[in-house]
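Each chain is listed here by its residues.
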Amino acid sequence: MLLVLGRRVSLSFVKRVIPQDPVLLSKPILQNFRTIKFRVIHSSTVFAIATRQNTDTMPERRPFVRLPTDVYPVNYGLCLKPDLIDFTFEGKLEAIVEVNLATNQIVMNCADIDIITASFVPEGGEGEGEILLAFFSYSLEINATGFNYQNEDEKVTLSFPSALQKGSGTLKIDFVGELNDKMKGFYRSKYATPAGEIRYAAVTQFEATDARRAFPCWDEPAIKATFDISLIVPKDRVALSNMNVIDRKPHPEDDSLLEVKFATTPIMSTYLVAFVIGEYDFVEGQSSDGVTVRVYTPTGKAEQGKFALEVAVKTLPFYNDYFNVPYPLPKIDLIAIADFAAGAMENWGLVTYRETALLIDPKNSCSSSRQWVALVVGHELAHQWFGNLVTMEWWTHLWLNEGFASWIEYLCVDHCFPDYDIWTQFVSADYTRALDLDALDNSHPIEVNVGHPSEVDEIFDAISYSKGASVIRMLHNYIGDEDFRKGMHSYLLKFQHKNAATEDLWDCLEQASGKPIALVMSSWTKQMGFPIIVVDQEQQGDDRILKISQKKFCASGPHNGEDCPKWMVPISICTGEDPGCTKLKVLLDSPETTITINNVSPDQWVKINPGTVGFYRIQYSSAMLESLLPGIRDLTLLPVDRLGLQNDLFSLSRAGMISTVEVLKLMEAFVNEPNYTVWSDLSCNLGVLSSLLSHTDFHEEIQEFIRDLFTPIGLKLGWECKQGEGHLDALLRGLVLGKLGKAGHKPTLEEARRRFKDHVEGKQILSADLRSPVYLTVLKHGDSATLDTMLKLHKQADMQEEKNRIERVLGAISAPDLIQKVLTFALSEDVRPQDTVSVIGGVAGSSKHGRKAAWKFVKDNWEELHNRYQGGFLISRLIKLSVDGFAIDKMAAEVKSFFESHHAPAAERTVQQCCENILLNAAWLKRDADDIHQYLLKRKAPPV
């Protein structure tokens with residue numbers, strides 16, 4: 001699954017379980033009407049009481065036991081009949097199971113589902129009576145006498161009047177459920193037809209633990225089985241599942257319905273099962289290795305699927321070749337879902353996406369959207385092998401799934417689009433983001449012991465994804481590509497159709513490379529944090545002697561405790577003679593060491609971590625740092641190393657290890673910088689600083705600094721695309737113009753207003769790459785008429801990408817009454833549920849007033865927001881975006897206090913991280929604000 005970091009849950013199943021139209025109900029369901037009604041109301045009450053008991057203190061980890069193994073599934077025969085009007089579904093399960101140990105009960109996962117009848121049919125006993133039992137098997141059907149729902153643990157126990165004997169049998173269950181509106185389980189997704197009529201599709205999102213909301217099952221990744229799925233759907237709807245359709249026939253009881261039967265799946269985990277019923281068009285292609293690829297789009301938008309199709313058709317053969325293992329299914333479908341919490345989900349053979357992660361309009365999509373679609377397609381298709389073919393044994397090893405896919409998506413995009421310079425972008429997008437989060441005291445190790453389902457969502461975060469990807473990138477560099485591929489191939493072959501743990505991958509890579517992989521990697525996955533490498537040097541003749549030591553890096557400064565953790569750190573070194581070539585590689589396995597580099601003249605610089613691959617910060621001695629700075633101005637340092645150097649120093653300043661003024665001086669050295677990603681990282685760090693200084697009375701001075709820094713590159717780029725420019729030039733132009741416009745650069749503001757006016761009046765439509773910077777600039781310096789025009793553009797937009805583009809910048813508006821209007825709009829019907837978070841986040845990130853208003857809005861509307869997003873990663877994202885920018889100690893106490901009385905269990909760690917960040921911001925401001933102010937005043941004072 002790929003995150004835009006977001007996702008959400010259901011509490012309310014009550015009162016709408018039973019369809020209002022009794023025609024759809026089979027007789028057994030009607031006979032059990034009273035039982036269901038009583039059972040659901042009762043379970044709801046139990047849940048409410050359990051929730052209230054938790055309101056006094058932060059909840060402790062709930063006790064949790066995995067499912068018993070005395071009965072396990074071999075094959076699920078599943079038939080589902082969704083009602084797209086009343087938002088319910090009926091289901092029939094006939095599961096072939098194996099009874100390992102005689103038992104009179106079967107424990108399964110089940111949530112928000114009502115079981116109507118359940119029975120067990122043995123397929124034959126043991127010994128002499130076997131043939132006779134098989135012959136009379138249906139007369140031996142054993143009806144369950146009770147269903148005991150354990151709602152907190154999302155389990156049901158089916159009780160039988162006598163013991164089910166060891167051997168095979170069929171478990172039959174009839175059940176009903178709700179097509180919920182929580183974007184998890186089997187849910188409804190709202191869309192408009194080309195004529196504007198509102199309709200609903202029925203779609204699924206099962207990772208991590210929501211298959212149990214669609215059918216009773218053994219919903220654990222290690223309990224794999226095959227699936228035979230049938231869907232009973234309106235005949236004018238498209239029905240899709242993991243496998244290809246093998247039969248389609250009219251429903252015997254209703255000729256407006258079709259029964260669609262799909263081929264048997266390979267053995268797989270429940271969280272990868274998927275089905276979609278709705279109205280879609282598609283484009284189709286075939287990969288060079290013969291797999292049919294389809295991209296399903298909203299009706300009338302098939303052309304918008306062509307770019308993703310092109311990427312997918314290139315990507316499948318790339319992975320086939322890289323893993324040296326063929327894709328095992330006959331087809332793969334990629335489908336855009338209107339209401340979708342994550343970025344995408346890797347269901348085997350039927351990958352679901354947010355519309356913005358799959359659809360590209362040749363005229364109206366910007367360059368960053370194309371890049372995003374390419375990365376997301378690369379990520380999800382990697383999972384078809386790494387995750388689907390070989391699956392983690394338990395959620396503790398989730399990081400391996402997500403970290404690996406988050407790394408190899410870049411390898412794939414680099415193969416498909418070498419002009420994207422995507423590995424430099426990885427450093428800014430994933431590597432530095434992971435370092436920032438992992439420096440907190442409230443971080444967590446990559447491998448987290450996960451128990452209760454409520455804990456799983458919390459580890460879908462930047463540690464699992466971005467740190468996971470970063471340490472795999474470091475490992476790949478340490479091993480070398482050839483041995484890495486060899487190890488991957490043997491891992492996939494050894495564990496295909498099975499489950500594996502982190503250690504299994506280390507074993508295979510160790511055998512392929514002959515290096516101590518498990519020893520090295522356990523120091524990165526089993527303990528949280530990372531080291532800061534402290535470096536000093538001296539010249540001895542023609543040799544350079546480096547003194548290198550490691551200690552834990554903390555966002556509040558270096559770790560000075562006695563029991564300092566240590567890491568096995570692969571360290572590479574290059575020199576000014578050849579900045580792109582590694583001169584020496586060592587493995588630092590002790591707190592400190594001395595290294596000699598031969599034949600380095602005194603005038604050459606020495607750099608640690610070329611390529612910014614090792615997952616650590618670096619603190620150079622003053623002399624070493626001085627020698628590296630000219631490499632920034634004259635561009636002899638590689639772009640990724642210029643970026644890494646600046647980012648390390650920025651992080652050291654936040655931790656109080658150097659003055660922020662030193663970083664501002666360094667930033668001024670980037671005046672000749674041509675690289676998009678370097679500018680992007682600078683821009684991001686200046687955004688952090690600007691947000692911090694919004695708490696002071698000299699916020700305008702940092703805006704002036706930003707204008708001065710970005711004006712030369714802005715003038716060089718101009719507004720119009722020039723001949724010979726490519727993807728990265730388009731990204732850079734959008735970034736620079738947006739930065740200048742937001743900072744109040746007058747020529748940029750005037751030109752943005754002119755172009756916006758022409759765009760609105762239809763005289764000259766803005767190119768897709770200029771829309772975000774122009775919208776942002778006119779809103780930041782706009783009034784109520786500007787906001788109204790923007791909201792009108794939002795209403796008229798036919799493309800979700802354009803709607804999202806507008807939603808993300810609405811918060812830039814300055815007037816308090818207009819900020820309130822934007823916040824109200826965030827919860828309106830005009831904004832898709834998953835996008836509300838980015839509207840509120842945009843307000844919080846735009847100004848000091850916006851931050852206060854957004855936090856108040858979140859508190860005032862907490863019940864509605866929490867009910868929308870409760871057990872998922874969207875609630876964590878909402879909290880982080882709303883409060884992370886505060887820089888006053890008392891705000892940390894206020895945030896902590898609010899969440900002690902308003903529980904969000906899935907975001908508990910996020911709340912702690914936000915409180916820590918607020919305190920770090922406050923300390924940073926107290927420590928450096930005066931020096932920063934003096935520096936900014938001095939640099940604009942006339943020379944004496």
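Just so we're clear, the structure is a prediction, and the values are computed from it rather than from any experiment.

Any aromatic ring pair is given by two values, namely how distant the centres are and how the planes are angled relative to each other. This structure, assessed with the given rule, holds 48 aromatic pairs. Ring plane angle 75° and centroid distance 5.5 Å describe the contact between Phe530 and Phe615, whose orientation is recorded as edge-to-face. Here Phe530, found in the loop between helix H12 (517-525) and strand S23 (531-540), pairs with Phe615, found in the loop between strand S29 (606-608) and strand S30 (617-620); they are 85 residues apart in sequence, far enough to count as distant. The same class applies to Phe530 as to Phe615, namely buried. A cation sits over an aromatic face here: Arg294 above Phe282, 3.9 Å from the ring centre.

By secondary structure assignment, the location of Ser690 is in helix H17 (residues 676-693). We classify Ser690 as buried; its relative accessible area is 12%. Apart from the residues within four sequence positions on either side, Ser690 is in contact with His699, Ile702, Gln703 and Ile706.

The next point concerns the sheet that holds strand S7 (residues 155-164). Two modes of strand pairing occur in sheets, parallel and antiparallel, and in both the strands are linked by backbone hydrogen bonds. Strands sit in the order S3-S7-S6 across an open sheet of three strands; the sheet is antiparallel. Of all strands in the sheet, those bounded by a partner on one side alone are strand S3 (103-109) and strand S6 (146-150). Neighbouring strand axes in the sheet, compared pairwise and without regard to direction, differ in orientation by 25° on average. When S6 meets S7, the two strands line up antiparallel, connected through five bridges. Residue pairing across strands places Asn148 opposite Thr157, the latter belonging to S7.

Another aspect to go through is helix H4 (residues 306-323). Here H4 spans 26 Å end to end across 18 residues, near enough to the 26 Å set by a 1.5 Å rise per residue. Taking burial as the measure, the 18 residues of H4 include 13 buried ones, the bulk of the element. At the exit of H4 stands Asn324, carrying a positive phi of roughly 60°.

Note on placement: Asp419 falls in the loop between helix H6 (398-416) and helix H7 (422-438). Put simply, Asp419 and Gly726 are 307 residues apart on the chain and 7.8 Å apart in space, counted from C-alpha to C-alpha.

Below, the discussion takes up the UniProt feature "site: Transition state stabilizer" (unreviewed entry) in the protein chain. UniProt feature "site: Transition state stabilizer" (unreviewed entry): in the numbering of this structure it lies at Tyr465. Mapped onto the fold, Tyr465 is located in helix H9 (residues 462-479).

Now for unusual backbone geometry. Cis rather than trans, the peptide bond between Glu207 and Ala208 has omega equal to 10°. Within the element layout of this structure, Ala208 appears in the loop between strand S10 (198-205) and strand S11 (226-234). Residue Asp112 is not a glycine yet carries a positive backbone phi of 55°. Tracing the sequence through the fold places Asp112 in the loop between S3 and strand S4 (113-122). In this structure, Glu154 takes a positive phi of about 55° despite not being glycine. Relative to the elements of secondary structure, Glu154 occurs in the loop between S6 and S7.

Attention now goes to the pairing of S10. Looking at chain direction, strand S9 (residues 185-192) and S10 are connected through eight bridges and run antiparallel. Within S10, the residue paired with Tyr191 across the bridge is Arg199. Taking the residues between adjacent antiparallel strands as the criterion, S9 and S10 are bridged by five residues, where Gly196 takes a positive phi near 95°.

This next bit is on the packing of H4 against helix H10 (residues 481-495). When two helices pack together, their arrangement is captured by the angle between the axes and the distance separating the axes. Between H4 and H10, the least distance of the axes is 8 Å, while the angle of their chain directions is 95°. Between H4 and H10, the crossing angle belongs to the class labelled roughly perpendicular. Seen from H4, the contacting residues are Asp321, Tyr322 and Phe323; seen from H10, they are Asp481, Phe484, Arg485, Met488, His489 and Leu492. Its residues placed into classes, the contact of H4 with H10 shows five nonpolar, one polar and three charged.

The next point concerns the pattern of salt bridges. Counted under the stated rule, the structure contains 56 salt bridges. Notably, a salt bridge pairs Asp483 with Lys486, separated by 3.5 Å at the nearest N-O pair. A residue pair is termed a helical-turn pair when its members lie 3 or 4 positions apart in one helix, as Asp483 and Lys486 do in helix H10 at three residues. With a relative accessible area of 44%, Lys486 lands in the partly exposed category. With a closest N to O distance of 2.6 Å, Asp884 and Lys880 form a salt bridge. Judged by relative accessible area, which is 39%, Lys880 ranks as partly exposed. Taken together, the shared-partner salt bridges connect Asp112, Glu154, Lys184, Asp210, Arg212, Arg213 and Asp219 into one network.

The rules behind the values
- Positions within a chain are numbered from 1, following the residues in the order the chain's sequence is written.
- Given that this is a predicted model, residues contribute local features only at a pLDDT of at least 70 and side-chain atom pairs are listed and counted only at 80 or more, while totals for whole chains, interfaces and linings are drawn from all residues.
- Only hydrogens and water are set aside when side-chain values are computed; all heavy atoms of the structure are taken into account.
- We call Phe, Tyr and Trp rings a pair once their centres come within 6.5 Å, taking the six-membered ring for Trp, and we label the pair stacked below 30 degrees between planes, edge-to-face above 60, and tilted otherwise.
- Going along the chain from the N terminus, every DSSP run of H or I of four or more residues is numbered as a helix, and every run of E of two or more is numbered as a strand.
- Think of it in three bands: residues with accessible area under 20% of the maximum for their type are buried, residues over 50% are exposed, and the middle band is partly exposed, with areas taken using a 1.4 Å probe on protein chains only.
- Charges are assigned to positions over rings by a cutoff of 6 Å between ring centre and Lys NZ or Arg CZ, combined with an angular limit of 35 degrees from the ring normal.
- Residue contacts are defined here by distance: any two heavy atoms, one from each residue, within 4.5 Å place the two residues in contact.
- In this description, strands pair whenever DSSP reports at least two bridges between them.
- To define axes, lines are fitted to C-alpha atoms, for helices over the stretch in contact only, and angles between the resulting N-to-C directions are given on a 0 to 180 degree scale.
- Here the expected length of a helix is defined as 1.5 Å per residue gap, with one fewer gap than residues.
- UniProt positions are given in the numbering used here, feature names are shortened, and annotations may be inferred rather than shown by experiment.
- Orientation categories follow fixed angle ranges, with anything under 35 degrees roughly parallel, anything over 145 roughly antiparallel, 65 to 115 roughly perpendicular, and all other angles oblique.
- Each residue is assigned to one class: nonpolar for Ala, Val, Leu, Ile, Met, Phe, Trp, Tyr, Cys and Pro, charged for Asp, Glu, Lys and Arg, and polar for all the others, Gly among them.
- When a carboxyl oxygen of Asp or Glu is within 4 Å of a side-chain nitrogen of Lys or Arg, the pair counts as a salt bridge.

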